[in-house]
Structure formats: C-alpha cells, structure tokens
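# A structural walkthrough
Chain residues, written in single-letter form:
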Amino acid sequence: MLRAVKCINIYQNNCDTAYREADILKNLRHPSIPIIYDIEQDSEHIYVIEEYIEGMSLTQLISQQKLCAGKAVEYAIQLCNIIAYMNDNHTYHLDIKPDNIIFFNNNIRLVDYGNAILDVEQPDIRMGTIGYASPEMYGKEKINSGSDVYSIGMVLLYMLTGMNDEGAIRRIGKGRLREIINGCICHSGRERISTARELARRLESIKHNNVENISLNIHVGTVLKHSGCTHCAISLGRIYEMRGQAAIVCEYNDSNDFFKIIKSEDFRFFNGIFRLRNVNLVPDYHGHADRNFLSDYHKIIVDFGVIDENNLESFLSGDINYIVTGKEPYEIDKLTEFCRNVLYPLNNNKQRIVINYADRKQYKQIVRKYDFPCPIRMPYEPDIFNSGKDWLI
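Residues numbered from 1 in each chain as written. Predicted model: local features only at pLDDT ≥ 70, side-chain atom pairs only at ≥ 80, totals over all residues. Heavy atoms only, no water.

## Considering the packing of aromatic side chains
- Taken as a whole, this structure holds 9 aromatic pairs when the rule is applied.
- Both rings, one in Phe 304 and one in Phe 315, keep their centres 5.5 Å apart while their planes meet at 85°; by these two values the pair is edge-to-face. One end of the pair, Phe 304, is in strand S14 (residues 299–306); the other, Phe 315, is in helix H9 (residues 312–316), with 11 residues separating them in the sequence. (Phe/Tyr/Trp six-rings, centres within 6.5 Å; stacked < 30°, edge-to-face > 60°. Helix = DSSP H or I, 4+ residues; strand = E, 2+ residues; numbered from the N terminus.)

Okay, here's the thing in structure tokens:
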C-alpha cells in the first residue's frame, strides 16, 4: 500500500490544524477514511505518514457526467455510513463537500479532516464551504451530528442536479427522494434528520424501489427527412436534465448530424461523450459506439433519424417511441400512412407523435382532423442548448 508524507512547518499558521487533523485520524479505522500510520516531529517540522488516496473527486466526476438517482443514492448511503462511524467515535467531520469525496473502484473515500471536532467540543472559529456548510456553521447554534447530515443532503442534491443551492430541489421530481433531501437541508437543526444513520435508513428504504432508478429507452424517429428529429431528440435530453434526471442522447443513424453540431458548439469531451451545459451527446461513431455505460442514465434517448424497414424493429423496441413530423400536408399524409400501417396494428400506448414547426392554431387544426396517438406540439426553439422550455407534458 502506498504512503504519503505530509511535511508541515511548525511555524506556519496551519500547523495546529494539520496536527489536529492527524491526531483525530489516528484514532479512526474505517476503509473509507485515510489511515494515519505515524506522526513524527523535529525542531522545525511535523511529518505525518498517511495512506495515499488515489481517484477522482466528486467535483471532477460531475463535471463529466451526471449520476442517475440510483447511483447518487448508493454513494450517499456510503457517505452516511462513514459519518455514522465517525459519530460512533464521537467525531463530526464538518466539511463534507464534493472536493473532499474521492471515487476509486466504485467506492468513495472521505478526505480532509481539518474542520473535524470531537462531540464534546464547540469550535471558537467556525469555517465551512458555502453551499455545503449547515446554517449553524455561520451562527452560534450548537453543532451536532445534524450538521453533517445537512452537508450530505446538499452533496446528494449536487449529485442529482449538478447544483449546490437549495433552490435546486425543484429539479428533483416530487416523491420520497425529494422529501428525504428536504429533511436533510432544513435550516433548523431541530427539524432536520438528526443522524447519518437515520438518513442511511431512509435512503435504503427507497434504494430498490425508486422509480427514478429505472432507465428508459426513448426512441425518436421520423418518416421524412428534415422534420427536426435530431432537434427534438436533443431537446428531450435537455428537458429531462432540467427535471433532475440524468439523460443522454445517442445517435443511431448515418447522418453525422451530431458531429456537425459538436463542431459548432463548445462541447466538453470525456469517454466518448460530448457534453454542453446540460446535454450529453454520443455520436454514432459509424456503428462502433460503446453503449455499456448507458445504464447509469435515467433516460436514454436514441435518434433514429428516418424510420425505414432496416431500423423499424429496433425503433419499435423502445420503452417510449416519439415520431416527429412537420406541419405540411405531405408530411401529415406520410405520417398518417405510417400510423395506419405500423402504429395502429400494434395497439399499445408506447407511441407519441411530436408535431414540429407548427404554431398553436396549426397544431389544434391537425389534432382535430387526425386521430394521432398522444400528439405533442414542440414549440419554436432556435437554441436547444440554452432554452428553458419544457414542452414534454
């Protein structure tokens, strides 16, 4: 096992903090807490020999991809178990934040114990990280185990939304998970979930039946070119991300439209995924894209382009199928033929029609005249990456 040596000048201002951190850590033995092997001192320095921690911080991970609810809950439970162990050993961490959470082999390690205190203490100077420190870290209210619970709640919110302000809770769908997070981030410590162990118990209760943990394959196609199929698929990805659900948009056709979009926008790239703001794109890569990671996402949106006999079976295998059409009569006639020959005989509720390029009046006329399954109007969206519109109702 690798070791790291911290060399601390005893005349530096942070010497007492570093020594105190090492003193607290030497009494803790947990697989997710760094091990302190020895502390030595000479006339000018303190040497702390500790376990070397490798991996990627939560901040780095979220900058590259958003976690699905199932993964976020799983990691939050791991974090709760670390803090519960610390509380059992009469210690509070008080600086839980994404930079201090390290991922390695699908497990987390919690680092930086410079703010940690024993439960019999109350610090004279209170320091925390804005967005993650509990309200009592800024006042005189007593610090206790609930202070770390608040931080865990904010970290969970960050894992789900990529944001660290309490307003981000609106991005979480109404349900048990949102209720639990609200219970963590109450301003009053008396109303907050009181311990990490209790929080872990509540998270465990939704771990296996949380509906947001289910990945849905959403297939988007069209019966004619230039109907805005790719535009709608990317817009769907943005909408689901706005709602706090990790979404990814995959190209499954030979148009190379994704590469054209990527060249014109300032995308970040990681492991085959291009990300711009809150949209994740995976180009077709000429049919060689590795899709093994897709189970990490709530919504997997696949852009099929034009539906034909070669891809029809794959298109219809989606959990939900969106068929995009323009408003022109020839487009509506082609869609009507497709519905009559393909969709209506299926007799299921998986199909949705998206009417593109139509204003409200045109949309209503089309809906009144044709018996399309679950017709939806997509509003005019010239910039799908910056739009705040949610037309998916």
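Alright, that's what it looks like, and here's the rest.
## Here's the deal with the layout of surface pockets
- When its volume is computed, the largest pocket comes out at roughly 410 Å³.
- Together, 23 residues line the largest pocket, and His 226, Cys 229, Thr 230, Ser 255 and Asp 257 are the ones closest to its centre.
- Those elements that place two or more of their residues in the lining of the largest pocket are helix H7 (229–242), helix H8 (257–264) and S14.
- Ranked by residues supplied to the lining of the largest pocket, first place goes to H7 with 4 residues. (1 Å grid on protein atoms, 1.4 Å probe; cavity = no way out; pocket = protein on both sides within 12 Å on 5 of 7 lines; lining within 4 Å. Points joined across faces, edges and corners; volume = space filled by probe spheres on them.)

## A word on the nonpolar core
- In terms of nonpolar packing, the biggest core is built from 58 residues, with Leu 58, Ile 101, Leu 156, Met 159, Leu 177, Leu 199 and Leu 203 touching the most fellow members.
- Per-element tally for this core: the top contributor is helix H3 (residues 69–88), with 13 residues.
- Listed in part, the 30 residues of the second largest apolar core include Cys 232, Val 249, Leu 281 and Tyr 322. (Core = buried A, V, L, I, M, F, W, Y, C linked by side-chain atoms within 4.5 Å. Buried < 20%, exposed > 50% of the residue type's maximum accessible area, 1.4 Å probe, protein only.)

## Points about the packing of H3 against helix H4 (residues 145–161)
- At a closest axis distance of 10 Å, the pairing of H3 and H4 adopts a crossing angle of 160°. Regarding the angle of H3 to H4, the classification is roughly antiparallel. In this structure, H3 crosses over H4, and the sense of that crossing is right-handed. Contact residues: H3 offers Ala 69, Ala 72, Val 73, Tyr 75, Ala 76, Leu 79, Cys 80, Ile 83 and Asn 87, while H4 offers Ser 145, Asp 148, Ile 152, Val 155, Leu 156, Met 159 and Leu 160.
- Here the contact of H3 with H4 is composed, by residue class, of 13 nonpolar, 2 polar and 1 charged. (Axes fitted to C-alpha atoms, helices over the stretch in contact; angles between N-to-C directions. Parallel < 35°, antiparallel > 145°, perpendicular 65-115°, else oblique. Left-handed = near helix turned anticlockwise from the far one by under 90°. Contact = heavy atoms within 4.5 Å. Nonpolar A, V, L, I, M, F, W, Y, C, P; charged D, E, K, R; others polar.)

## Structural notes on unusual backbone geometry
- The phi angle at His 226 is positive, at roughly 65°, despite the residue not being glycine.
- As for its placement among the helices and strands, His 226 is situated in the loop between strand S9 (216–222) and H7.
- Of note in this structure, Cys 374 is not a glycine but carries a positive phi near 45°.

## Some remarks on the domain arrangement of the protein chain
- The domain boundaries assigned to the protein chain delineate domain 1 (56–209) and domain 2 (216–378).
- Inter-centroid distance (C-alpha atoms) of domain 1 to domain 2 is 37 Å.
- Each partner contributes residues to the interface: domain 1 has 13 residues there, and domain 2 has 11 residues.
- Of the roughly 1,100 Å² buried between domain 1 and domain 2, counting both surfaces, carbon and sulfur atoms make up 44%.
- Linking domain 1 to domain 2 there are 0 salt bridges.
- Linking domain 1 with domain 2 are 1 residue pair in polar contact (both at pLDDT 80 or more).
- Every element with two or more residues in the side of domain 1 that touches domain 2 is listed here: helix H2 (58–64) and H3.
- Grouping the amino acids of the side of domain 1 that touches domain 2 by side-chain chemistry returns 6 nonpolar, 4 polar and 3 charged. (Domains from an automatic or database assignment. Buried area = accessible area lost by both parts, 1.4 Å probe. Salt bridge = Lys/Arg side-chain N within 4 Å of Asp/Glu carboxyl O. Polar contact = N/O pair within 3.5 Å; in protein donor to acceptor, adjacent residues only side chain to side chain.)

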